[in-house]
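Architecture at a glance
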Amino acid sequence: MTEDETLRYVQASAVAVGLPLEATQAKRVAAHLQRTSVLADLLDAFPLGDAEELAEIYCPAPYRAGVA
Amino acid sequence: MSMHSTLLQTARAVASGEQSAAEALEASIARIEATDARVNAFTGTRFEAARLQAQRVDAMRTRGEPLGALAGVPFAVKNLFDIADEVTLAGSKVNRANPPATTDAVLIQRLQAAGAILVGSLNMDEYAYGFTTENTHYGPTHNPHKLGHIAGGSSGGSGAAVAAGQVPLTLGSDTNGSIRVPASLCGVWGIKPTFGRLSRRGTYPFVDSLDHLGAFADDLGGLALTYDAMQGSDPLDPGCFATTVQPVSRSLAKGVDGLRVGLLGGWFEEMASDAARGAVASAGAVLGANSTVVWPDAAQARAAAFIISASEGGALHLQRLRMQAADFEPLSVDRFIAGALQPAAWYLRAQRFRRAYRDKVNALFRDWDVLLAPATPVAAPAIGTEWLEINGQRFPCRPSMGLLTQPVSFAGCPVVTAPLWPDGTDGLPIGVQVIAAPWREDLALRAGWSLAQSGVAQVRESAL
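Being a predicted model, the structure only gives us computed values, none of them experimental. (Residues numbered from 1 in each chain as written. Chains lettered and ligands numbered in written order. Predicted model: local features only at pLDDT ≥ 70, side-chain atom pairs only at ≥ 80, totals over all residues. Heavy atoms only, no water.)

1. Here we look at the overall build of chain B
Note the following rule: A run of H or I in DSSP becomes a helix once it reaches four residues, and a run of E becomes a strand once it reaches two; helices and strands are each numbered from the N terminus. Atoms considered for the radius of gyration are the C-alpha atoms alone. The globule rule reads 2.2 Å times the number of residues to the power 0.38. We call a residue buried when its accessible area falls under 20% of the maximum for its residue type, exposed when it is over 50%, and partly exposed in between, using a 1.4 Å probe and counting protein chains only. All accessible-area figures derive from a Shrake-Rupley calculation using a 1.4 Å probe, and residue coverage is judged against the displayed protein chains alone. Under the counting rule used here, the positive set is Lys and Arg, the negative set is Asp and Glu, and His together with the chain ends is not counted. We put the charge of a Lys on NZ, of an Arg on CZ, of an Asp on CG and of a Glu on CD.
A tally of regular secondary structure across chain B gives 16 helices and 17 strands. Relative to the compact-globule value of 23 Å for 464 residues, chain B shows a C-alpha radius of gyration of 20 Å, a close match. Over its C-alpha atoms, taken along the principal directions, chain B stretches across nearly 60 × 55 × 45 Å. Across the 464 residues that make up chain B, the buried fraction comes to 67%. On chain B, roughly 15400 Å² of surface is accessible, and the fraction owed to carbon and sulfur atoms is 51%. The distance from the centre of the 38 positive side-chain charges to the centre of the 42 negative ones in chain B is 5 Å.

Next up, the structure:
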């Protein structure tokens, strides 16, 4: 994203999640997000197959071996 | 070494009757009162409650009852730990409106069950989002070894209180480096156990996927005792995976005999100053480490940790950001908002990367038992520093203090931070991360013990 695109994204997504942002703060937030987008690009370039699942974040109940 | 009694010395003196718990506590209180106006480590004290607790410990000894391993040891906690009847601030102004906690955090309960005496709560970056403890609401914590310089963060009060000799033991949390960075900059021992080792129940969260709890101490043996006392399963904490206690204290004296110790290169050299590399070289020489090892995908891991932290942290606080953003820490509120607005695709890719990354990191430990890396790129910068230069590259100071810790905690590996004092830092310390495979805290502590025995790693008296 360019700086202008990032700012427009920040303004639009802030509306989407109900977060009021003044113009000056939106610019500061966009600057942070612009830096993070560089990190996201780095991960985007990392080869991940479709079978690579998420790291575990949920377990419905402790697994008990031998219980059908 | 400190002129104050260390954690282990205090525990032994109280156990033998050479010193009462009340005497140990009064020495700690006197030191806090003499120094904290300059250090600003404490945000709250509970001296009267501590005195009652010390009396109970001394009464038990008088009656000949068995004392816990930490009987009479004064300690303090980062103010994101619940303390019964106190409001858990988590470094914020917003949380002042919350009701007081009804019970102590699990780890506080466990340390108290071992006889340790809670004296107060400690400063931190707001909601743990920072590496510098430049807290606008409660003031910055100053480095006891050089006032006017940062103590590191987010558990800055925890590192500074030990370095200042106020208490020999503190608790903190580490999401991306928040124990290891202040331990490094303050020159004290720290342990960030394996992700999922210790119960987090009763602490204010930052990033559920990454939050760890751990401890700081002024000697390695005391740190190991504390770690043993904190262990235990907790079925009520979905983030606590350990189901048994695996004590380490008795194996410490094995040191590094038979262990394969390597030095991390690549990212961990490129993002480190000459002094930080010198600290690792000194530790490696003591531990017999000759080979350089490449940690897999460190830059991507740091990126993924950054994205997950921003996203989960921003989402956690979204409702408060909608209504009370003006009451947030000015130094981090914009980062929280940016995190709340991150595309879901960034977050999900980072979590998918984490699983593949874990397998690569774990494979590394087939060939190595312990790996060494600097804990911070540089020694403590002055409070207010905006930019750092590392090997000719310019970095924003506040987020960059975690450049070398984030890839390691993202894998969940246990780390002991050892305090070294390399040349070229104007007398300030830089810590070395002693890293082991998941669930092998014993190996990291054994290597730490060897560093302590050699004298290359040591806690030094501050000039306060």
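2. Here's the deal with the pattern of salt bridges
Residue and element names in this part refer to chain B. Test applied: The salt bridge criterion pairs a side-chain nitrogen of Lys or Arg with a carboxyl oxygen of Asp or Glu, the two atoms within 4 Å.
Considering all chains together, one arrives at 19 salt bridges over all chains under this definition. Of the charged contacts, one joins Arg51 and Glu48 as a salt bridge, the two residues approaching to 2.5 Å between their closest N and O atoms. With Arg51 and Glu48 both in helix 3 (residues 47-62) and three residues apart, the pair spans about one turn of that helix. Under the relative-accessibility criterion, Arg51 is labelled partly exposed at 25%.

3. Remarks on unusual backbone geometry
Residues and elements named next belong to chain B. The amide bond that connects Gly153 to the next residue, Ser154, takes the cis arrangement and shows omega of 10°. Mapped onto the elements, Ser154 comes out in the loop between strand 7 (146-150) and helix 5 (156-163). Located in the positive-phi region is Ala90, a residue other than glycine, with phi close to 50°. Tracing the sequence through the fold places Ala90 in the loop between strand 2 (74-78) and helix 4 (106-113). A relative accessible area of 0% places Ala90 in the buried class. A positive phi is found at Asp426, a non-glycine position, where the angle reads about 60°.

4. Some points on the pairing of strand 16 (residues 415-420) of chain B
Residues and elements named next belong to chain B. Operational definition: Whether two strands pair depends on DSSP finding at least two bridges between them.
Of all the six residues making up strand 16, six are buried; the element is thus mostly covered by neighbouring parts of the structure. Residue alternation in strand 16 divides its side chains into two sets, Val415, Thr417 and Pro419 and Val416, Ala418 and Leu420, and both sets are buried. Pairing of strand 9 (residues 189-192) with strand 16, which is carried by three bridges, proceeds in the antiparallel orientation. Across the sheet, Ile191 pairs through a bridge with Val416, a residue of strand 16. Of the pairings in the sheet, the one linking strand 16 to strand 17 (residues 430-436) comprises six bridges and is antiparallel in character. Within strand 17, the position partnered with Ala418 by the bridge is Val432.

5. Re the nonpolar core
All names here are of chain B. Which entries qualify depends on this criterion: What we call a nonpolar core is a set of buried Ala, Val, Leu, Ile, Met, Phe, Trp, Tyr and Cys residues that are connected through their side-chain atoms within 4.5 Å. Two residues form a contact once any of their heavy atoms are found within 4.5 Å.
By size, the foremost hydrophobic cluster in this structure holds 140 residues, and its most contacted members are Trp295, Leu372, Ile435 and Leu445. Here this core gets nine residues from one element, more than from any other, and that element is helix 10 (residues 298-316). Ignoring anything within four residues of it in the chain, the contact list for Ile435 reads Leu264, Trp295, Phe365, Asp369, Val370, Leu371, Ala373, Val408, Cys413, Pro414 and Val415. Counting residues in each nonpolar core, the second largest holds 29 residues, with Ala21, Ile29, Phe42 and Ala151 among its members.

6. So, the sheet that holds strand 16 of chain B
All names here are of chain B. The condition is simple: Here the axes come from fitting lines to C-alpha atoms, over the contacting stretch only for helices, and the angles between their N-to-C directions go from 0 to 180 degrees.
Sheet architecture is open: 11 strands sit in the order 1-3-2-8-10-9-16-17-13-11-12, paired in mixed fashion. With partners counted over all chains shown, the strands left at the sheet margins are strand 1 (42-45) and strand 12 (292-293), one partner each. Where helix 7 (residues 220-230) meets the sheet, it contacts strand 8 (169-174), strand 9, strand 10 (212-217) and strand 16, and its direction lies at approximately 145° from that of strand 10. Of the strands in this sheet, strand 11 (261-264), strand 13 (370-374), strand 16 and strand 17 touch helix 9 (residues 274-287), which is tilted by about 155° from strand 13.

7. Digging into the interface of chain B and chain A
Note the following rule: Computed with a 1.4 Å rolling probe, the buried area is the accessible surface lost when two parts are put together, summed over both parts. Polar contact is the term for a pair of N or O atoms within 3.5 Å; when the atoms are in protein, one must be able to donate a hydrogen and the other to accept it, and sequence-neighboring residues count only if both atoms are side-chain atoms.
With 32 residues of chain B in contact, the opposing surface of chain A contributes 32 residues. Taken together, the two surfaces of chain B and chain A that pack against each other cover about 3000 Å², and 68% of this comes from carbon and sulfur. Per-residue buried area on chain B facing chain A is highest for Leu341, Arg349 and Arg352 of chain B; these three make up 24% of the total on that side. Run the count over chain B and chain A and you get two salt bridges. Of the charged contacts, one joins Asp44 of chain A and Arg349 of chain B as a salt bridge, the two residues approaching to 3.9 Å between their closest N and O atoms. Applying the counting rule to chain B against chain A returns 10 residue pairs in polar contact (both at pLDDT 80 or more).

8. Some thoughts on the confidence of the model for chain B
The condition is simple: Confidence of the predictor at the level of single residues is captured by pLDDT, which takes values from 0 to 100.
Considering every residue of chain B, the mean pLDDT works out to 97; 99% of them sit at 70 or more. Reported confidences for the modelled complex are a pTM of 0.97 and an ipTM of 0.92.

9. Let's talk about the pairing of strand 14 (residues 387-390) of chain B
All names here are of chain B. Taking every second residue as pointing to the same face, the buried face of strand 14 carries Leu388 and Ile390, while none of Trp387 and Glu389 on the other face is buried. Here strand 14 pairs with strand 15 (residues 393-396) via four bridges, running antiparallel. Bridging from a neighbouring strand, Ile390 pairs with Gln393 of strand 15. Counting the residues that bridge the hairpin from strand 14 to strand 15 gives two residues, and of these Asn391 lies at a positive phi of roughly 50°.

10. Observations concerning the packing of aromatic side chains
All names here are of chain B. Defined as follows: Pairing of aromatic side chains requires ring centres within 6.5 Å, counting the rings of Phe and Tyr and the six-membered ring of Trp. Pairs whose planes differ by under 30 degrees are stacked, by over 60 edge-to-face, and all others tilted.
Using the criterion set out here, one finds 14 aromatic pairs over all chains in the structure. Both rings, one in Trp295 and one in Phe365, keep their centres 6.3 Å apart while their planes meet at 80°; by these two values the pair is edge-to-face. Residue Trp295 is located in the loop between strand 12 and helix 10, and its partner Phe365 is located in the loop between helix 13 (344-364) and strand 13; the two are separated by 70 residues in the primary sequence. By the burial criterion, Trp295 is buried, and Phe365 matches it.

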